[in-house]
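# Descriptive analysis of the structure
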Amino acid sequence: MQIDPDSSPSPQAAELNYVIKGANPYVFDMLSPKGRRIFFPTAGILAQTAQAAGAGINATIGTALDDAGAAMQLSSVASQLSGGAEGILSYAPNLGKPEIRSAWRGMLLEKNPSLRPDGLSLPIVTSGLTHGLSAAAYLFLDGGDAVITPDLFWENYNLLFAYAYGATLDTFPMFNGSNGFNAGAMRDKLFRGPPGKRIVVLNFPNNPTGYTPTVAEAKAIVGVIVEAADRGNNIVALIDDAYFGLVFEEGIIKESIFSMLAGAHERVLAVKIDGPTKEDYAWGIRVGFVTFGTARGGAAFYKAMESKLGGSIRGSTSSASNVGQTLLLNAYRSPDYESEKGEKYRILLRRYTKIKDILNNRKEYAEYIRPLPFNSGYFLCLRVLSGKAEEVRLILLEKYDTGVIALGDLLRVAFSSTPYEQLEKLFDNIYMAAREVSG
Ligand SMILES: Cc1ncc(COP(=O)(O)O)c(C=O)c1O
C-alpha cells in the first residue's frame, strides 16, 4: 500500500507525537519533519508476526526455518561460530536484543554513578556509532539547521550532518587563550539570534584532539547550555562518547557529560551515542547504542522516543547484527571482561605517558610543532608552526616511512595504533619533517 506521509501522517506517528508533546513539548519542537513522521511500526508485518508467535503453523516469519523449525544455517558459516550458531543467525529485534539493552543500561549507570536511573531511556542498539549519530540526526536535523560544534571535530560529521541532512556545521574555536575548552565561544553560538532550536554536538574524549574537559570546564559547558535553555532555547545535545573511559589525567571528567546534561533542564534533550567500537576494542562488530535523557521525560516519553529512533532503524538497517550483539553480551557476562579491558587501557596509558615525556623533554620540537591540549582518547594533534601540515605529512610518508593525518594546519597522531617502542622515532620523524618543510 502506497503512503504519502505528508498528506496522511501515520496514526502511530501521531500517537507518538501526542505522547512526546504531552510529556515534553520542547522536545516535540526539536523534532525535524522526518522525526515527526517516523515511528516504529506496531501494526503490519511485525505485529502480525508477533501475534502468530506460537501458532502451530506459522507462515509469517521472514527467516528460513528447516523442517524441524530451526533457523537454517550453512555449516560453512555456522562452523566458524565456536559458541554455536543457535539464535545468532536469525534476526535480532529491531531495537536490539533486550538483554544487551538492559546490560548496557546497567553498565551506563555503573560507569556514570551520578546518572539517575529514572532519568534515561533504555539504550537502543544501532549498527555502530556512526549509525547511531545518523539515526539521531534523522530525528532532529533538517535542511538549514545549524549544528554547533567545536572546530576540531570528527571529519565524518560533514557527511553525517551536512551532506546527508543539509545542516551546516556552525563551529567555534575549541580552545580559548588559556588552552582550555572554549565554553564562552560555545555560548556565543547558542545565544546568537532569537531563541529557538539549537543542536550541539559534544565529543569527549575528542577526535581529533584527544581532549576531555576538566571538571570545571564541563560545569561551564553545562552552565552555558542551561543558561541558553533558561532563555527559551530548546537544545538537542548529541553526545558522541565513542572514546568513553579512555581518560589519562586526574581532574578531567571521568563520567560522560551526558550525566550532567540528562537531568539539567526540561528544554535540554541529551542524546548519548556510544558503544563498544573503541571502548571495547571491537571496531568490526558494528554495534552502538543511543540513549535519551531529559529533565522532563517519564516512561511513556522515553518509550515514544525509542519508537521514533526504532522507526529510523527499521527503515534503514532494519536491525543491528545479532552475531555482534551476542558476542558482546557474552563478553559483558564474562568474569574476565573488566580485567581484559583494564589491560588494554594500561597499554594506551603507558603510550600516553611516554608521549608526554617525549614532548616535555625534546625542547627543540617547539620551534616547528606545538601539541594541542590532550589528555585522553586515541589521538593528539600537533600544530605545524611553519609550512603546511599536508607537506609534512607527505615528507613523512616519502622519506620517513611514517603515516599521520593532516587536518588543516594540524597533524593528527594516533597513539592508539603506534607501538610503545616506536613512539620516540615517530615524534623525531615528525620533528625532522616539520623542520624540513619550514626551511
Ligand atoms: C568521534 C567518533 N565518533 C564515532 C565514530 C564511529 O564509530 P563506529 O565505528 O562505531 O561507527 C568514530 C570513529 O572513528 C569517532 O572517532
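These remarks concern the structure in this document. None of the values given here were measured: they were computed from a predicted structure. (Residues numbered from 1 in each chain as written. Predicted model: local features only at pLDDT ≥ 70, side-chain atom pairs only at ≥ 80, totals over all residues. Heavy atoms only, no water.)

### Section: the pattern of salt bridges
- Going through the model one piece at a time under the given rule, you end up with 20 salt bridges.
- Between Arg-192 and Asp-170 there is a salt bridge; the shortest N-O distance is 3.0 Å. Pair noted here: Arg-192 is in the loop between α9 (183-191) and β4 (197-202) and Asp-170 is in strand β3 (residues 168-172), with a separation of 22 residues, a long-range link.
- Since its relative accessible area comes to 14%, Asp-170 is described here as buried.
- The salt bridge partner of Arg-187 is Glu-227, with a shortest N-O separation of 2.6 Å. On the criterion of sequence distance, the pair formed by Arg-187 in helix α9 and Glu-227 in helix α10 (residues 215-230) is long-range, its members being 40 residues apart. (Salt bridge = Lys/Arg side-chain N within 4 Å of Asp/Glu carboxyl O. Helix = DSSP H or I, 4+ residues; strand = E, 2+ residues; numbered from the N terminus. Buried < 20%, exposed > 50% of the residue type's maximum accessible area, 1.4 Å probe, protein only.)

### Re helix α14 (residues 322-333)
- In this model α14 runs 16 Å from its N-terminal to its C-terminal C-alpha over twelve residues, within 8% of the 16 Å that 1.5 Å per residue would give.
- Burial in α14 covers these residues: Asn-322, Gly-324, Gln-325, Thr-326, Leu-328, Leu-329 and Tyr-332.
- Looking at the buried side of α14, the elements it contacts are α6 (98-111), β1 (124-126), α12 (276-279) and α15 (337-361). (Expected span 1.5 Å × (residues − 1). Contact = heavy atoms within 4.5 Å.)

### What about the sheet that holds strand β2 (residues 146-150)?
- Strand order across the open sheet formed by seven strands is β1-β7-β6-β5-β4-β2-β3, with mixed pairing between neighbours. Two strands in the sheet have a free side with no partner beyond their single neighbour: β1 and β3. For this sheet the average axis-to-axis angle between neighbouring strands, irrespective of direction, equals 25 degrees.
- Bridging between β4 and strand β5 (residues 234-240) involves six bridges; their strand directions are parallel. Looking at the pairing, Lys-197 lines up with Asn-234 of β5.
- In the packing of helix α7 (residues 129-140) onto the sheet, the strands contacted are β1, β4, β5, β6 (268-274) and β7 (288-294), and the crossing angle to β6 comes to about 155 degrees. (Pairing = 2+ DSSP bridges. Axes fitted to C-alpha atoms, helices over the stretch in contact; angles between N-to-C directions.)

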